Amino acid sequence: MSRVPLATRRRVLEALGVGGAAALAGCDAPGNAVEETPANTEPQTPAMNQAKPTDVDRIAADPTDIPDPIDRSSPTTHEVTLETKEVVAEVEPGVTYTYMTFDEQVPGPMLRVRKGDTVNMTVTSHEDNSMPHNIDLHAVRGPGGGAEASMVTPGETATFQFQATYPGAFIYHCAVPNLDYHISSGMFGLILVEPEDGLPAVDHEFYFGQNELYTTGDAGEEGHHDFDMDAMAAEEPTYVLMNGEKYAITGESYGPATVDVGDTARVYFVTGGPNLTSSFHPIGCVWDEVWPQGGIGSDTHKNIQTTPVMPGSCTIATMSFEVPGPVKLVDHALSRVARKGFMAVIDAEGEAQPDMFNPDP
């Protein structure tokens with residue numbers, strides 16, 4: 001079992017000195033990614049350490065905390081700053097993990113711009129970090145999606161500029177060597193580039209992200225879990241998570257998102273991975289309309305029960321809530337729901353609609 005404790009700042013700087021920041025930006029071969037695996041590490045037992053004190057109360061992004069739809073007819077310039085920060089948080093009660101984040105949440109903040117807009121993207125690295133970080137946005141035409149220009153070591157800041165030239169929903173993620181480790185640990189998010197004429201109006205919008213977490217303990221085993229590189233290489237995750245925590249957006253944790261009967265909603269969904277394709281499905285409903293891979297401009301798919309969302313991709317899907325009750329958002333690879341922690345709930349509140357659904361005729 002290959003455990004990965006956090007590296008020291010000294011090892012980070014030594015690694016940067018070997019190849020330089022440019023060599024670390026983007027998808028270099030894993031064999032070059034020495035900055036996160038201390039040399040001469042003795043094999044460690046899989047026994048759990050005690051859970052660590054947490055740095056944040058909540059690592060799960062609030063699915064309703066997203067920018068408003070764009071209501072303007074001309075381009076503008078955005079000043080966007082994201083802080084990379086390594087924080088200890090609970091995966092579930094009694095189980096802690098050292099996440100890597102943008103702005104202390106998983107997924108990172110949803111970014112929203114319009115086709116033709118200019119973005120001044122600033123990436124900072126908290127001084128207490130132990131590793132280099134950067135950002136690769138799939139909405140960027142440029143080397144590494146901005147990864148080379150945004151490489152930061154602890155305490156550093158970098159800024160680059162790009163123009164949003166094509167509409168859609170796109171992932172962003174950290175792209176240093178061992179990028180799969182960083183993404184698995186939470187460093188991914190979604191940027192929406194709205195088309196020039198905007199998107200159809202809906203009553204609600206929600207933002208969710210899926211990732212796998214590979215740890216040295218079993219799911220539910222209390223204590224602090226280290227990252228397990230061998231489990232990641234074998235693609236055998238301990239957890240498969242919605243918004244970074246086990247069942248975070250449900251009654252078991254922060255509570256479901258809520259709508260009223262008769263409402264419509266648009267869901268923005270990003271799969272960080274790093275390895276598994278999501279079979280994204282709403283239990284008790286269908287996707288009224290889907291933009292596959294977030295590709296605004298392509299034809300939408302209608303009345304879709306389950307839509308595949310590959311790692312490193314997104315989808316935009318709408319739904320309508322015509323009867324009261326919970327709609328459960330799941331990966332229809334259902335062992336990930338039953339055993340690995342993946343699910344969110346949107347609860348429709350309102351009067352019964354027996355003509356449409358009658359549980360006791």
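Residues numbered from 1 in each chain as written. Predicted model: local features only at pLDDT ≥ 70, side-chain atom pairs only at ≥ 80, totals over all residues. Heavy atoms only, no water.

S.K.: Run through the overall build of the protein, naming residues and quoting values.
M.R.: On a plain count of helices and strands, the protein comes out with four helices and 22 strands. In the protein, which comprises 361 residues, the proportion classed as buried is 55%. Long-range contacts, defined as pairs at least 24 residues apart, comprise 76% of the intrachain contacts of the protein with a sequence gap of at least 6. Accessible surface, the protein: about 15100 Å² in total, of which carbon and sulfur atoms supply 46%. (Helix = DSSP H or I, 4+ residues; strand = E, 2+ residues; numbered from the N terminus. Buried < 20%, exposed > 50% of the residue type's maximum accessible area, 1.4 Å probe, protein only. Contact = heavy atoms within 4.5 Å. Areas by Shrake-Rupley, 256 points an atom, 1.4 Å probe, with all protein chains shown as cover.)

S.K.: Outline the sheet that holds strand β14 (residues 257-260), listing residues and values.
M.R.: Strands sit in the order β14-β22-β21-β16-β19 across an open sheet of five strands; the sheet is mixed. Here the strands that pair on one side only, and so sit at the sheet edges, are β14 and β19 (307-309). Within this sheet the neighbouring strands show an average axis-to-axis angle of 25°, counted without direction. Here strand β16 (residues 278-283) pairs with β19 via three bridges, running antiparallel. If you follow Phe-280 over to β19, its bridge partner there is Thr-307. (Pairing = 2+ DSSP bridges. Axes fitted to C-alpha atoms, helices over the stretch in contact; angles between N-to-C directions.)

S.K.: Quick one: what's the story with the nonpolar core, residue by residue and with numbers?
M.R.: In terms of nonpolar packing, the biggest core is built from 62 residues, with Met-121, Ile-135, Leu-137, Leu-190, Ile-191, Leu-192 and Tyr-268 touching the most fellow members. Not counting residues within four places of it along the chain, the set of residues in contact with Ile-135 comprises Leu-82, Phe-102, Met-121, Val-123, Gly-144, Gly-145, Gly-146, Ala-147, Ser-150, Phe-160, Tyr-172 and His-173. Core analysis: the next-biggest nonpolar cluster, separate from the first, contains 32 residues, Phe-206, Ala-257, Val-327 and Ile-346 among them. (Core = buried A, V, L, I, M, F, W, Y, C linked by side-chain atoms within 4.5 Å.)

S.K.: So what's going on with the sheet that holds strand β9 (residues 188-194)? Residues and values would help.
M.R.: Spatial strand order, β4-β9-β8-β6: four strands in an open sheet with mixed pairing. Because the sheet does not close on itself, it has two edges, and the strands there are β4 (111-114) and β6 (136-137). Across two bridges, β6 lies against strand β8 (residues 168-173) in antiparallel orientation. The partner of Leu-137 across the bridge, within β8, is Tyr-172.

S.K.: Can you lay out the packing of aromatic side chains for me, pointing to particular residues and giving the numbers?
M.R.: Per the counting criterion, the structure on display carries nine aromatic pairs. With 5.2 Å between their ring centres and 85° between their planes, Tyr-166 and Phe-170 make a pair best called edge-to-face. Exposure class is identical for Tyr-166 and Phe-170. Each is buried. Taken together, a centroid distance of 4.5 Å and an interplanar angle of 35° make the contact between Tyr-181 and Phe-227 tilted. In this pair, Tyr-181 is assigned in helix α2 (residues 179-184) and Phe-227 in strand β12 (residues 227-228), connecting sequence segments 46 residues apart. Relative accessible area serves as the criterion here: at 2%, Tyr-181 is assigned to the buried category. Against the face of Tyr-254 rests Arg-58, its NZ or CZ located 4.0 Å from the ring centre. (Phe/Tyr/Trp six-rings, centres within 6.5 Å; stacked < 30°, edge-to-face > 60°. Lys NZ or Arg CZ within 6 Å of the ring centre and 35° of its normal.)

S.K.: Run through the environment of Pro-53, naming residues and quoting values.
M.R.: Among the structural elements, Pro-53 can be located in the loop between α1 (9-24) and β2 (77-92). Between the C-alpha atom of Pro-53 and that of Ala-89, which follows or precedes it by 36 residues, the distance is 8.0 Å.

S.K.: I'd like to hear about the side chain of Asn-211, residue by residue, with values.
M.R.: Take Asn-211: it is sitting in strand β10 (residues 204-213). Within polar-contact distance, the side chain of Asn-211 engages the backbone oxygen of Ser-184 at 2.8 Å. The residues touching Asn-211, leaving out its near neighbours within four places in the chain, are Val-106, Ile-183, Ser-184, Phe-188, Tyr-239, Val-240, Leu-241, Gly-244 and Gly-273. (Polar contact = N/O pair within 3.5 Å; in protein donor to acceptor, adjacent residues only side chain to side chain.)

S.K.: Quick one: what's the story with the pairing of strand β21 (residues 325-331), residue by residue and with numbers?
M.R.: Burial analysis of β21 places five of its seven residues in the buried class, the great majority of the element. One ladder, built from four bridges, connects β16 with β21; its direction is antiparallel. Each residue of the ladder has a partner; that of Ile-283, found in β21, is Lys-328. The sheet contact formed by β21 and strand β22 (residues 344-349) spans five bridges and is antiparallel. Residue pairing across strands places Val-327 opposite Ile-346, the latter belonging to β22.

S.K.: Report on the pattern of salt bridges, specifying residues and quantitative values.
M.R.: Under the counting rule described, the total for this entry stands at eight salt bridges. A salt bridge links Glu-289 to Lys-302; its shortest N-O distance comes to 3.5 Å. With Glu-289 in strand β17 (residues 287-291) and Lys-302 in strand β18 (residues 301-304), this pair connects stretches of sequence that are 13 residues apart. Each of Arg-112, Glu-194, Glu-205 and Arg-266 takes part in a single network of salt bridges with overlapping partners. (Salt bridge = Lys/Arg side-chain N within 4 Å of Asp/Glu carboxyl O.)

S.K.: Which residues make up unusual backbone geometry, and what values go with them?
M.R.: Glycine aside, residues mostly have negative phi angles, and peptide bonds mostly take the trans form. Residue Val-106 is joined to Pro-107 through a cis peptide bond whose omega torsion reads -10°. Assignment of secondary structure puts Pro-107 in the loop between β3 (95-102) and β4. Here Gly-273 and Pro-274 are connected by a cis peptide whose omega angle stands at 20°. Checked against the element boundaries, Pro-274 lands in the loop between β15 (264-273) and β16. Positive phi is not limited to glycine here, since Glu-235 has a value of about 55°. Inspection of the secondary structure puts Glu-235 in the loop between α3 (229-233) and β13 (239-242). You can call Glu-235 partly exposed: its relative accessible area is 42%. Even without glycine at this site, Asn-243 takes up a positive phi of about 55°. As for its placement among the helices and strands, Asn-243 is situated in the loop between β13 and β14. When its relative accessible area of 0% is taken as the criterion, Asn-243 is described as buried.

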